[in-house]
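If you want the building blocks of each chain, they are given just below.
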Amino acid sequence: MNNLKNEWNQNKKKLCFALAVTFAWGMLTHGYGFAQSAFSHDSLNEFNGSDGGNFWKIQLGRFVIPAYRAVFRTDLTLPWMIGILSLLWIGLAVYLVIRIFNMDSKLTMILTAGIFATNITVTATAATYLHDYDCDMFAMFCAVAAVYCWRFLARSGILWGAMLIVLALGIYQSYISVTVV
């Protein structure tokens, strides 16, 4: 019982650390974009996703995006909300990677969060596709969570992992490569 409690406390500390470090990296890298409304590229067309944006997403095979938007945010592009949700999903993905690979070094955790929060794909998405940034980061989180389920949840992990892959594919198909890697 004591071992279980100690493990829970260690995991809680790792989760808090992963989220804090991810938010620090993310705000340093993308904070300016979250604090203002200078939309660019496709964000100009998607300021309000309900004006055809959701329909277009479904046509692209991203059928989960309207449901995601209904559950976690509105169809409006609100940079500050999208930024917070995005960094939350990235932080949770970082935590799962830390768990999958049994990382204990704080430096390794900091660098992992830095790679996740500042890589070119994430940076380009935040700069040009702000309206989809949180959705895409949720897809990345689902891809990592699928691997976590397959690794740690014994029999039921296959089913949960498969459902998470369907979610990831229904939001942004490119993040299947995260699962493969």
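Because the structure is predicted, anything quoted here is derived from the model rather than measured.

Concerning the packing of aromatic side chains
In this structure the tally under the stated criterion is ten aromatic pairs. Here the aromatic rings of Trp89 and Phe138 are separated by 4.7 Å at their centres, their planes lie at 65°, and the arrangement is edge-to-face. Of this pair, Trp89 sits in helix α4 (residues 79–100) while Phe138 sits in helix α7 (residues 130–152), placing them 49 residues apart in sequence. On the accessibility criterion, Phe138 (10% relative accessible area) is buried. Considering the side-chain rings of Tyr148 and Phe152, the 4.8 Å spacing of their centres and the 45° angle between planes classify their relative orientation as tilted. Taken as a pair, Tyr148 and Phe152 lie in helix α7 at a separation of four residues, close to a single helical turn.

Thoughts on the nonpolar core
In terms of nonpolar packing, the biggest core is built from 47 residues, with Trp89, Ile90, Tyr133, Met137 and Phe141 touching the most fellow members. Elements with a contribution of two residues or more to this core: α1 (2–34), α3 (65–72), α4, α5 (106–118), α6 (120–128), α7 and α8 (154–171). Setting aside its immediate chain neighbours within four residues, Ile90 contacts Thr22, Phe116, Ala117, Val122, Tyr133, Met137 and Met140.

Examining the state of the cysteines
This structure, assessed with the given rule, holds zero disulfides. Cys142 provides the cysteine sulfur closest to Cys149, a residue in no disulfide bond, and the two sulfurs are 9.8 Å apart. Accessibility expressed as a relative area gives 8% for Cys149, which makes it buried.

Comments concerning the environment of His131
You can see His131 is positioned in helix α7. Along the chain, His131 and Thr77 lie 54 residues apart, while their C-alpha atoms are 5.4 Å from each other.

Points about the pattern of salt bridges
Two side chains of opposite charge can pair, provided their charged atoms sit close to one another. The final tally for this structure, using the stated rule, is three salt bridges. The closest approach of N and O atoms between Lys14 and Asp104, which form a salt bridge, is 2.8 Å. Placement of Lys14 in helix α1 and of Asp104 in the loop between α4 and α5 is noted, with a sequence separation of 90 residues between them. Here Arg69 makes a salt bridge to Asp132, at a shortest N to O gap of 3.2 Å. Of this pair, Arg69 sits in helix α3 while Asp132 sits in helix α7, placing them 63 residues apart in sequence. For the residue pair Arg69 and Asp132, the accessibility class agrees, reading buried in each case.

Calculation rules
Residues numbered from 1 in each chain as written. Predicted model: local features only at pLDDT ≥ 70, side-chain atom pairs only at ≥ 80, totals over all residues. Heavy atoms only, no water. Phe/Tyr/Trp six-rings, centres within 6.5 Å; stacked < 30°, edge-to-face > 60°. Helix = DSSP H or I, 4+ residues; strand = E, 2+ residues; numbered from the N terminus. Buried < 20%, exposed > 50% of the residue type's maximum accessible area, 1.4 Å probe, protein only. Core = buried A, V, L, I, M, F, W, Y, C linked by side-chain atoms within 4.5 Å. Contact = heavy atoms within 4.5 Å. Disulfide = S-S within 2.5 Å. Salt bridge = Lys/Arg side-chain N within 4 Å of Asp/Glu carboxyl O.

Bear in mind that shape data such as this cannot, by itself, settle questions of function.
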